[in-house]
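# Summary of the model geometry
Here are the chains, one letter per residue:
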Amino acid sequence: MAATIHCDIVSAEKEIFSGRITMMSATGTIGELGILPGHAPLLTGIKPGPVRLTMEDGEEEVFFASGGYLEVQPGVVTILADTAARAEDLDEAAAIEAQESAERAIQDQAADFDFSLAASQLANAMAQQRTLEELKKRRGR
Amino acid sequence: MAVGMEIKKKIGSVENTQKITSAMQMVAASRMRRTQDRMREGRPYAEKIRQVIGHLANANPEYRHTFMKTRDVKRIGYIVVSTDRGLCGGLNINLFRTLVKDMAEWHARNVEVDLGLIGNKAAGFFRSVGGNIVAALTNVGEAPVVADLIGGVKVMFDAYEEGKIDRLFIVSNEFVNTMTQKPVIRQLLPLDPEQDESYHHRWDYIYEPEAQQLIEGLVIRFVESQVYQAVIENGACEQAAKMIAMKSATENAEKLIDELSLIYNNARQAAITQEIAEIVGGAAAV
């Protein structure tokens, strides 16, 4: 049997996932990360995007995390997400809508416009869509 | 019958009070369920981030952040989480008693104390007792958002970063079960290393991108989440304590009504007996 590592994904609202996995991949602040059992202790920020877990039985699950922190300890990976969801729960229409409104906000900048806020909203919406596309591809296979 | 009027009135007013307390008991019971759910949902995050912070405090980073250094204690800060409303038994008083005792210990060591208060009751208490209040946050409501709490927390956080206070504690009620709430004082800053034998060898994380930035962000989030969780948990404690307090108030009212009815019946009986005695006495005289 393949080596496994315990994985916890929690968001401020609730616990999203807890169980043993054989591999995780996520988007770190400086690039894609792949975590396998036996990884060195690591502490990093994560960007909005899909988090892919490979279960013990080879099954893959996709989650969405909108930023947060990732910690690797011997035997345990923890994702402290700002908000996280199972990818199936994401609403594609809402994600596209959010992206469009964020883009609009960036284009016509009003006086009291908060660029960093809009930019982070845009990044978030785009990441949600990326996650959904990935999920679709996987289903299509 | 004039004799029992006052007692009758009294019984009526006690009955009215009982109606109110039993209604409040039911309201508290239904709110308790909601606040408990909220507390349970928030717990995993608060626990996990505490673990991560515990690991971090045990690590030997090349960069020691202010949050990890223990300084000589000259001034400390408390974030006190209390309820906004009363009628919840000894919940707040027990908390304040624990806190005042702890404060007295620090005072004995010539340490100044700053207070950051959340909830009306703490604000009221420390206004009358006295104490150096640096921040007060009232009317948080039942479902607070992290953003609402940040203001009060930030004052304390900045004070720590600037070196005005050397330790930061959070004081709140821990929800054990519906019957029991326990006041606890926990240290937030500097980070308290998790006591675990397996972490005693020298090790450090790989940090991506940079240790300082990362630790700072994580610690801010840690403090925020701990305060948020404390407020949520205190909310659940409040409703549970309120339910119990109102339940015993309703029972006391019941007992009072029983006693008063007994007195009323006695008085009525005495009046009747006396009247009969008078009639009999009158008839005998004729």
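Residues numbered from 1 in each chain as written. Chains lettered and ligands numbered in written order. Predicted model: local features only at pLDDT ≥ 70, side-chain atom pairs only at ≥ 80, totals over all residues. Heavy atoms only, no water.

## Let's talk about the interface of chain A and chain B
- Between chain A and chain B, the residue contacts involve 25 residues of the former and 21 residues of the latter.
- Together chain A and chain B conceal approximately 2,000 Å² of surface at their shared face, both sides included; 67% is due to carbon and sulfur atoms.
- Contact with chain B buries area across many residues of chain A, yet Leu43, Tyr69 and Leu80 of chain A alone supply 32% of it, more than any other trio.
- Seen at the junction of chain A and chain B, the total is two salt bridges. (Contact = heavy atoms within 4.5 Å. Buried area = accessible area lost by both parts, 1.4 Å probe. Salt bridge = Lys/Arg side-chain N within 4 Å of Asp/Glu carboxyl O.)

## Considerations on the sheet that holds strand S4 (residues 167-175) of chain B
All names here are of chain B.
- Taken in spatial order, the five strands line up as S3-S2-S1-S4-S5 in an open sheet, and their pairing is mixed. The sheet is open, and its two borders are formed by strand S3 (132-137) and strand S5 (181-189), each paired with just one other strand. Each strand axis lies, on average, 20° off the axis of its neighbour in the sheet, ignoring direction.
- When S4 meets S5, the two strands line up antiparallel, connected through eight bridges. Bridge pairing in S5 places Val171 opposite Ile185.
- Across the sheet, helix H2 (residues 91-108) lies against strand S1 (75-81), strand S2 (112-118), S4 and S5, angled at about 180° from S1, the strand it touches most.
- Contacting S1, S2, S4 and S5, helix H5 (residues 211-285) runs over the sheet at an angle of about 30° to S4. (Pairing = 2+ DSSP bridges. Helix = DSSP H or I, 4+ residues; strand = E, 2+ residues; numbered from the N terminus. Axes fitted to C-alpha atoms, helices over the stretch in contact; angles between N-to-C directions.)

## Examining the environment of Gly42 of chain B
- With respect to the helices and strands, Gly42 of chain B occurs in helix H1 (residues 5-58).
- Remark: the alpha-carbon pair of Gly42 of chain B and Gln229 of chain B, spanning 187 residues in sequence, is separated by 6.5 Å.
- Those residues within four positions of Gly42 of chain B in sequence are excluded, and the remaining contacts are Ala12 and Glu13 of chain A together with Gln229 of chain B.

## Structural notes on the side chain of Lys242 of chain B
- Along the chain, Lys242 of chain B falls in helix H5.
- Here Lys242 of chain B is in contact with Ala28, Arg85, Gly86, Leu87 and Cys88 of chain B, once residues within four sequence places are set aside.

## Comments concerning a negative patch on the surface
Residue and element names in this part refer to chain B.
- A contiguous patch of negative charge on the surface is contributed by Glu15, Glu254, Asp258 and Glu259.
- Tracing the sequence through the fold places Glu254 in helix H5.
- Looking at Glu254, the relative accessible area reads 38%, which means it is partly exposed. (Patch = residues over 30% accessible without salt bridge, like charges linked within 9 Å, V, L, I, M, F, W, Y side chains within 5 Å. Areas by Shrake-Rupley, 256 points an atom, 1.4 Å probe, with all protein chains shown as cover. Lys, Arg positive; Asp, Glu negative; His and termini not counted. Charge placed at Lys NZ, Arg CZ, Asp CG, Glu CD. Buried < 20%, exposed > 50% of the residue type's maximum accessible area, 1.4 Å probe, protein only.)

## Points about the side chain of Gln226 of chain B
All names here are of chain B.
- Topologically, Gln226 is positioned in helix H5.
- Using a relative accessible area of 1% as the deciding quantity, one classes Gln226 as buried.
- Of note is the side chain of Gln226, whose polar atom sits 3.2 Å from the backbone oxygen of Ala46. (Polar contact = N/O pair within 3.5 Å; in protein donor to acceptor, adjacent residues only side chain to side chain.)

## Focus: the domain arrangement of chain A
Residue and element names in this part refer to chain A.
- Split by domain assignment, chain A resolves into domain 1 (5-87) and domain 2 (90-139).
- Between domain 1 and domain 2, the residue contacts involve 13 residues of the former and eleven residues of the latter.
- Carbon and sulfur atoms supply 61% of the area buried between domain 1 and domain 2, which totals about 940 Å² over both sides.
- Secondary structure elements with two or more residues in the side of domain 1 that touches domain 2: strand S5 (49-55), strand S6 (60-65) and strand S9 (84-86).
- Considering every element that reaches the side of domain 1 that touches domain 2, the biggest residue donor is S6, with four residues.
- Of the residues belonging to the side of domain 1 that touches domain 2, the class tally is seven nonpolar, three polar and three charged. (Domains from an automatic or database assignment. Nonpolar A, V, L, I, M, F, W, Y, C, P; charged D, E, K, R; others polar.)

## Description of H2 of chain B
Residue and element names in this part refer to chain B.
- With 18 residues, H2 extends 26 Å from end C-alpha to end C-alpha; this agrees with the ideal 26 Å at 1.5 Å per step.
- For H2, the set of buried residues is Leu91, Asn92, Leu95, Phe96, Leu99, Asp102, Met103 and Trp106. In an axial view of H2, the angular spread of the buried residues amounts to 130°, which keeps them on one side of the axis. Opposite its buried face, H2 presents the exposed residues Arg97, Lys101 and Ala108, each directed more than 90 degrees away.
- At the exit of H2 stands Asn110, carrying a positive phi of roughly 60°. (Expected span 1.5 Å × (residues − 1). Arc of directions from axis to C-beta.)

## Looking at the packing of aromatic side chains
- Counted according to the given criterion, the structure contains six aromatic pairs over all chains.
- Consider the rings of Phe17 of chain A and Phe63 of chain A, whose centres lie 5.5 Å apart with planes at 55°: the pair is tilted. Of this pair, Phe17 of chain A sits in strand S2 (residues 15-28) while Phe63 of chain A sits in strand S6, placing them 46 residues apart in sequence.
- Their ring planes at 20° and their centres at 4.4 Å tell us that Phe96 of chain B and Phe125 of chain B sit as a pair that is stacked. (Phe/Tyr/Trp six-rings, centres within 6.5 Å; stacked < 30°, edge-to-face > 60°.)

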